[in-house]
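# Observations on chain architecture
Residues per chain are reported as follows:
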Amino acid sequence: PGSGHLYFVLKDEQAQLPAVMWRSGAGRLRFRLEEGKRFLVRGKLGVYPEQGKLQLYVETAEPAGLGAAALAQEQLKKKLAAEGLFDDARKRRLPRLPRRVGVVTSPTGAAVRDIIRVIQRRFPVPILISPTRVQGDGAGAEIAAALARLGIVPGIDVVIVGRGGGSAEDLSAFNDEAVVRAIAACPVPVVS
């Protein structure tokens, strides 16, 4: 409902239990609760006074099996795929010999030096770096903004978005919805 609270029923083969998660807790979820999925929840039992029914006041919820981040990524991928953002028809051909390459990455990491070295060895062309943080809170929005900056620079015919390796959590900024949408909106091919 518009209140932002989540009302749902937890059930198994033998029983069901009405549950509510207040807006404050629901706002912290990184995924959507979906019918048929298994979740581990923590909360307090209480009586809903108007109906005299026992219900669970849920404070936290985590997907059973998958972690919250993995489930959120799976749900986002399905949503974006349904919008057609991953369709083959959207893919742009890479230039055979790029004239100018844009790079979205951290200006201080080892990855930028590796990217520059490889480009210069293969295609000695001008490189324009659009600096950004590549991990941490807000990095996804910064990557998207750095990509948008390069998308309007004349003469760039391919953009590389990247960083060095890392854990799934370190790389999560590249799975941000804003980054996917910025790649789809970029007028030139993007390599990640």
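Given the structure is predicted, the values throughout are model-derived calculations rather than measurements.

Conventions adopted
- Residues numbered from 1 in each chain as written.
- Predicted model: local features only at pLDDT ≥ 70, side-chain atom pairs only at ≥ 80, totals over all residues.
- Heavy atoms only, no water.
- Phe/Tyr/Trp six-rings, centres within 6.5 Å; stacked < 30°, edge-to-face > 60°.
- Helix = DSSP H or I, 4+ residues; strand = E, 2+ residues; numbered from the N terminus.
- Axes fitted to C-alpha atoms, helices over the stretch in contact; angles between N-to-C directions.
- Parallel < 35°, antiparallel > 145°, perpendicular 65-115°, else oblique.
- Left-handed = near helix turned anticlockwise from the far one by under 90°.
- Contact = heavy atoms within 4.5 Å.
- Nonpolar A, V, L, I, M, F, W, Y, C, P; charged D, E, K, R; others polar.
- Patch = residues over 30% accessible without salt bridge, like charges linked within 9 Å, V, L, I, M, F, W, Y side chains within 5 Å.
- Areas by Shrake-Rupley, 256 points an atom, 1.4 Å probe, with all protein chains shown as cover.
- Salt bridge = Lys/Arg side-chain N within 4 Å of Asp/Glu carboxyl O.
- Buried < 20%, exposed > 50% of the residue type's maximum accessible area, 1.4 Å probe, protein only.
- Pairing = 2+ DSSP bridges.
- Core = buried A, V, L, I, M, F, W, Y, C linked by side-chain atoms within 4.5 Å.
- Expected span 1.5 Å × (residues − 1).
- Arc of directions from axis to C-beta.

Here we come to the packing of aromatic side chains. In this structure the tally under the stated criterion is 1 aromatic pair. Between tryptophan 22 and tyrosine 57, the ring centres sit 5.9 Å apart and the planes meet at 35°, which makes this aromatic pair tilted. Placement of tryptophan 22 in the loop between β2 (16-21) and α1 (23-26) and of tyrosine 57 in strand β4 (residues 53-63) is noted, with a sequence separation of 35 residues between them.

Next up on the list: the packing of helix α4 (residues 139-151) against helix α6 (residues 177-185). Where α4 meets α6, the axes come as close as 7 Å, and the angle between the chain directions of the two elements is 15°. The pairing of α4 with α6 is recorded here as roughly parallel in orientation. By crossing handedness, the relation of α4 to α6 is classed as left-handed. Side by side, α4 and α6 meet where Gly140, Ile143, Ala144 and Leu147 of the first sit next to Ala178, Val179, Ala182 and Ile183 of the second. Residue composition of the contact of α4 with α6, grouped by class: 7 nonpolar, 1 polar and no charged.

As a further point, take a nonpolar patch on the surface. On the surface, Leu45, Val47 and Leu54 cluster together into a nonpolar patch covering about 290 Å² of accessible area. With respect to the element layout, leucine 54 can be found in strand β4. Looking at leucine 54, the relative accessible area reads 45%, which means it is partly exposed.

This part is about the pattern of salt bridges. Scanning the entire structure with this criterion turns up 9 salt bridges. Taking the shortest distance from any N to any O, the salt bridge between glutamate 83 and arginine 181 comes out at 2.9 Å. Separated by 98 residues along the polypeptide, glutamate 83 in the loop between α2 (68-82) and β5 (101-105) and arginine 181 in helix α6 bring together distant segments of the chain. Between arginine 99 and aspartate 157 there is a salt bridge; the shortest N-O distance is 3.3 Å. One end of the pair, arginine 99, is in the loop between α2 and β5; the other, aspartate 157, is in the loop between α4 and β7 (158-161), with 58 residues separating them in the sequence.

Turning our eyes to something else, we now look at the sheet that holds β2. Within a sheet, adjacent strands bond to each other through the backbone by hydrogen bonds, running parallel or antiparallel. Taken together, the 4 strands give an open sheet; going across it, the order is β1-β2-β4-β3, and neighbouring strands pair in mixed fashion. Because the sheet does not close on itself, it has two edges, and the strands there are β1 (6-11) and β3 (39-48). Sheet twist, expressed as the average angle between the axes of neighbouring strands with direction ignored, equals 40°. Where β1 lies against β2, 6 bridges are found, and the strand directions are antiparallel. Each residue of the ladder has a partner; that of leucine 6, found in β2, is methionine 21.

Turning our eyes to something else, we now look at the sheet that holds strand β6 (residues 127-131). If you walk across this open sheet you meet the 4 strands as β6-β5-β7-β8, and the pairing is parallel. The sheet is open, and its two edges are formed by β6 and β8 (190-191), each paired on a single side. Here β5 pairs with β7 via 4 bridges, running parallel. When the sheet's bridge partners are listed, glycine 102 is paired in β7 with valine 159.

The partly exposed category is assigned to tryptophan 22, whose relative accessible area is 41%. For the pair formed by tryptophan 22 and tyrosine 7, sequence separation is 15 residues and the distance between their alpha carbons is 8.6 Å. Setting aside its immediate chain neighbours within four residues, tryptophan 22 contacts His5, Tyr7, Tyr57 and Val58.

Our next topic: the nonpolar core. Grouped together as the largest cluster of nonpolar side chains are 17 residues, with contacts concentrated most on Val104, Ile143, Leu147, Val159 and Val161. Secondary-structure elements contributing two or more residues to this core are α4, β7 and α6. Here the element with the most residues in this core is α4; it accounts for 6 residues.

Moving on, we come to α4. Compared with the 18 Å implied by 1.5 Å per residue over 13 residues, the 18 Å span of α4 between its first and last C-alpha is a close match. Among the residues of α4, those classed as buried are Ala139, Gly140, Ile143, Ala144, Ala146, Leu147 and Leu150. Taken end-on, α4 shows its buried residues confined to a sector of 160°, consistent with a single buried face. Contacts from the buried residues of α4 go to β5, β6, β7, α6 and β8.

Geometric descriptors of this kind do not, in isolation, establish any biological role.
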